[in-house]
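The chain contents come next:
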Amino acid sequence: MSAQLIDGNALSKQLRAEVAQRAAALTARGLKPGLAVILVGDNPASAVYVRNKVKACEDVGFHSVLEKYEATLSEADLLARIDALNNDPAIHGILVQLPLPKHIDDHKVIEAISPLKDVDGFHVASAGALMVGEVGFKACTPYGCMKMLESIGLKDLRGKHAVVIGRSNIVGKPMAMMLLAANATVTITHSGTADLAAMTRQADIVVAAVGKRNVLTADMIKPGAVVIDVGMNRNDEGKLCGDVDFDGCREVASHITPVPGGVGPMTITMLLVNTMEAAERVAAAAV
Ligand SMILES: Nc1nc(=O)c2c([nH]1)NC[C@@H]1CN(c3ccc(C(=O)N[C@@H](CCC(=O)O)C(=O)O)cc3)C=[N+]21
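The name that an unreviewed UniProt entry assigns to the chain is Bifunctional protein FolD, with the source organism given as Sphaerotilus natans subsp. natans DSM 6575. Under the UniProt heading Subunit (unreviewed entry), the note attached to the chain is "Homodimer." Under the heading Function (unreviewed entry), UniProt records this for the chain: "Catalyzes the oxidation of 5,10-methylenetetrahydrofolate to 5,10-methenyltetrahydrofolate and then the hydrolysis of 5,10-methenyltetrahydrofolate to 10-formyltetrahydrofolate."

So, in C-alpha cells, the structure goes:
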C-alpha cells in the first residue's frame, strides 16, 4: 500500500483563488485587504520566507508593505512601528517575522500587535480565544493542518484519536486545541513523554511538529493512519525534509503530507485567509 499525498500546493491554489475572489469583492467596496510584514536583521532564510509572503499577497490582490530594518533596530523603535501600523487603516494584518535579534523580547513585540491585526495568531488574546472558542485569529500552521484534514473528509473528528508530537506555542499547543474543537480525542506528546511510539501507535491522526528528522518512523504508526508533517529540516545533502520518515511511513499510512509542498505553503495560505478575515471584520464593523 502506498499512502495518498495531501498536496499542500494544490490545496493552497484552491484556497488562494477563493481569497482572491473575496479580496476583489471587498476592494470593489473600497476596502483593499492590507498586510504589513516586518523583518529585522539579515537572516537569509527569513528574507526568502518574507519575500514569499509578500509575493503571495500580490497574487491574491492584497496591498502589502515590507518593512526591513537593520539587526541593530532597538526594541523601542520596533514597538513604535507596530503602534503606527496598529493605527494605520490601510493595514489589516501585521506579521513580525520570527526569530528576532536577541536584544528584542519577542513576547513583548507580539503582545504589542493589536489582537484585531494579529494574523499570525500568536498574541495571548488569540491563543485565549482559540482555547475558549471565541472569535480570534488561529495560528496559521495548525490552521493549515486542519484544512488539510478537511480536504480528505476529516472535518468532524468525533471518535478519532489525534496524537500531536511537540508542544510549542506556535504549533503543538494550538494544534491540539483545534483538534479538540473538531471533537478529536487528543494526546500531546513531547520530550518528557516516556514511550512516544506507544502513543503514536494508537493514533488515527499523527501531527509531527518537533523540528527534528525521523521523529516518526513506519514502525510507530498504525496501518491507515493519517500523517501530517510540520517539520522543516535539512538532511545531510542540504535538502529540505520534515520530521517524518516519509518513505517508510507512506507504506503504512493512508494519507501523508510531503515536505516540501505540504504544510509550508498552507501556512502562507492561512496567513492570507486570516488577513482577508481581518479586513472583512473591519468592513462589517463599519456598516
Ligand atoms: N511571524 C512569523 N510567522 C510565520 O509564519 C513564520 C515566522 N514568523 N518565521 C519563520 C517561519 C517559517 N515559515 C514558513 C512558511 C512557509 C514555508 C514554505 O512555504 N515552505 C515551502 C518550501 C520552502 C523552501 O523550499 O525552502 C514548502 O514547504 O513547500 C516555510 C516556512 C513561516 N514562519
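*Asks:* Explain the pairing of strand β3 (residues 63-69) to me, and be specific about the residues and the numbers.
*Replies:* As judged from the seven bridges shared by strand β2 (residues 34-40) and β3, these two strands associate in the parallel manner. Counterpart to V37 in the pairing with β3 is L66. As a crossover connection, the stretch from β2 through helix α2 (residues 44-59) into β3 is right-handed.

*Asks:* Explain the side chain of H255 residue by residue, including any values.
*Replies:* As for its position among the elements, H255 is in strand β11 (residues 255-256). A distance of 2.9 Å separates polar atoms of two side chains, one belonging to H255 and the other to S254. Those residues within four positions of H255 in sequence are excluded, and the remaining contacts are A3, Q4, I6, I152, A225, V226 and V227.

*Asks:* I'd like a rundown of the sheet that holds strand β7 (residues 205-208), residues and numbers included.
*Replies:* Across a sheet, strands are paired by hydrogen bonds formed along the backbone, either parallel or antiparallel in direction. Here we have six strands laid out as an open sheet, ordered β1-β11-β8-β7-β5-β6, and parallel in their pairing. Both edges of this open sheet fall to β1 (4-5) and β6 (185-189), since each of them pairs with a single strand only.

*Asks:* Break down empty space enclosed by the protein for me, with residues and values.
*Replies:* Taken as a whole, this structure holds one cavity of 30 Å³ or more when the rule is applied. The space that makes up the largest cavity amounts to roughly 50 Å³. Lining the largest cavity are I94, L95, V96, L98, I110, I113, D118, D120 and F122. With three residues, strand β4 (residues 93-96) is the largest single contributor of residues to the lining of the largest cavity. The residue inventory of the lining of the largest cavity, partitioned by class, reads seven nonpolar, no polar and two charged.

*Asks:* Residues and numbers for the pattern of salt bridges, please.
*Replies:* According to the stated counting rule, one finds eleven salt bridges in the structure shown. Of the charged contacts, one joins R22 and E277 as a salt bridge, the two residues approaching to 3.6 Å between their closest N and O atoms. With R22 in helix α1 (residues 8-28) and E277 in helix α10 (residues 263-286), the pair connects residues that are 255 residues apart, well separated along the chain. Residue classification places E277 among the partly exposed positions, given a relative accessible area of 28%. In this structure, the salt-bridge partner of R281 is E277, at a minimum N-O distance of 3.4 Å. Taken together, the residues R281 and E277, both in helix α10 and four residues apart, mark about one turn of the helix. A single salt-bridge network, built from bridges that share partners, covers R22, E277, E280 and R281.

*Asks:* An account of α2 is needed here, citing residue identities and associated values.
*Replies:* Taking 1.5 Å per residue, 16 residues should reach 22 Å; α2 reaches 23 Å between its end C-alpha atoms and fits that length. Within the sequence span of α2, burial applies to S46, V50, K53, V54, A56 and C57. Projected onto a plane normal to the axis of α2, the buried residues spread over an arc of 155 degrees and lie on a single side. Counted as exposed and oriented over 90 degrees from the buried face of α2: P44, R51, E58 and D59. Where α2 is buried, its residues meet α1, β2, β3, β4 and α10. Put simply, N43 is the residue that caps the front of α2, since its side-chain oxygen is 3.0 Å from the backbone nitrogen of A45.

*Asks:* Describe the nonpolar core, listing the residues and the values that go with them.
*Replies:* The nonpolar side chains of a soluble globular protein tend to be buried, and buried together. One finds L149, L157, L179 and I228 to be the most contacted residues of the largest nonpolar core, which totals 54 residues. For this core, the element with the highest residue contribution is α10, accounting for eleven residues. Looking at which domains feed residues into this core, each of domain 1 (30-115) and domain 2 (140-264) supplies at least three. The contact partners of L149, leaving out residues within four places of it in the chain, are L154, L157, L179, I205, V226 and I228.

*Asks:* Can you break down the site of the ligand residue by residue, with the values?
*Replies:* Close to the ligand lie 17 residues, the nearest being V96, Q97, L98, D120 and G261. Separating a nitrogen atom of the ligand from a backbone N or O atom of V96 is a distance of 2.9 Å. D120 places a side-chain nitrogen or oxygen 2.6 Å from a nitrogen atom of the ligand. When isolated, the ligand has an accessible area of 670 Å², and the protein chains bury 76% of it. Mapped by element, the contributors of at least two residues to the shell around the ligand are α2, β4 and α10. At four residues, the largest contribution of residues to the shell around the ligand is made by α10. For the shell around the ligand, the per-class residue count stands at ten nonpolar, four polar and three charged. Counting residues domain by domain, the shell around the ligand receives three or more from each of domain 1 (30-115) and domain 2 (140-264).

Definitions and cut-offs
- Residues numbered from 1 in each chain as written.
- Predicted model: local features only at pLDDT ≥ 70, side-chain atom pairs only at ≥ 80, totals over all residues.
- Heavy atoms only, no water.
- UniProt positions renumbered as here; feature names shortened; annotations may be inferred.
- Pairing = 2+ DSSP bridges.
- Helix = DSSP H or I, 4+ residues; strand = E, 2+ residues; numbered from the N terminus.
- Right-handed = clockwise from strand over helix to strand, strands pointing away.
- Polar contact = N/O pair within 3.5 Å; in protein donor to acceptor, adjacent residues only side chain to side chain.
- Contact = heavy atoms within 4.5 Å.
- 1 Å grid on protein atoms, 1.4 Å probe; cavity = no way out; pocket = protein on both sides within 12 Å on 5 of 7 lines; lining within 4 Å.
- Points joined across faces, edges and corners; volume = space filled by probe spheres on them.
- Nonpolar A, V, L, I, M, F, W, Y, C, P; charged D, E, K, R; others polar.
- Salt bridge = Lys/Arg side-chain N within 4 Å of Asp/Glu carboxyl O.
- Buried < 20%, exposed > 50% of the residue type's maximum accessible area, 1.4 Å probe, protein only.
- Expected span 1.5 Å × (residues − 1).
- Arc of directions from axis to C-beta.
- Core = buried A, V, L, I, M, F, W, Y, C linked by side-chain atoms within 4.5 Å.
- Domains from an automatic or database assignment.
- Near = heavy atom within 4 Å.
- Areas by Shrake-Rupley, 256 points an atom, 1.4 Å probe, with all protein chains shown as cover.

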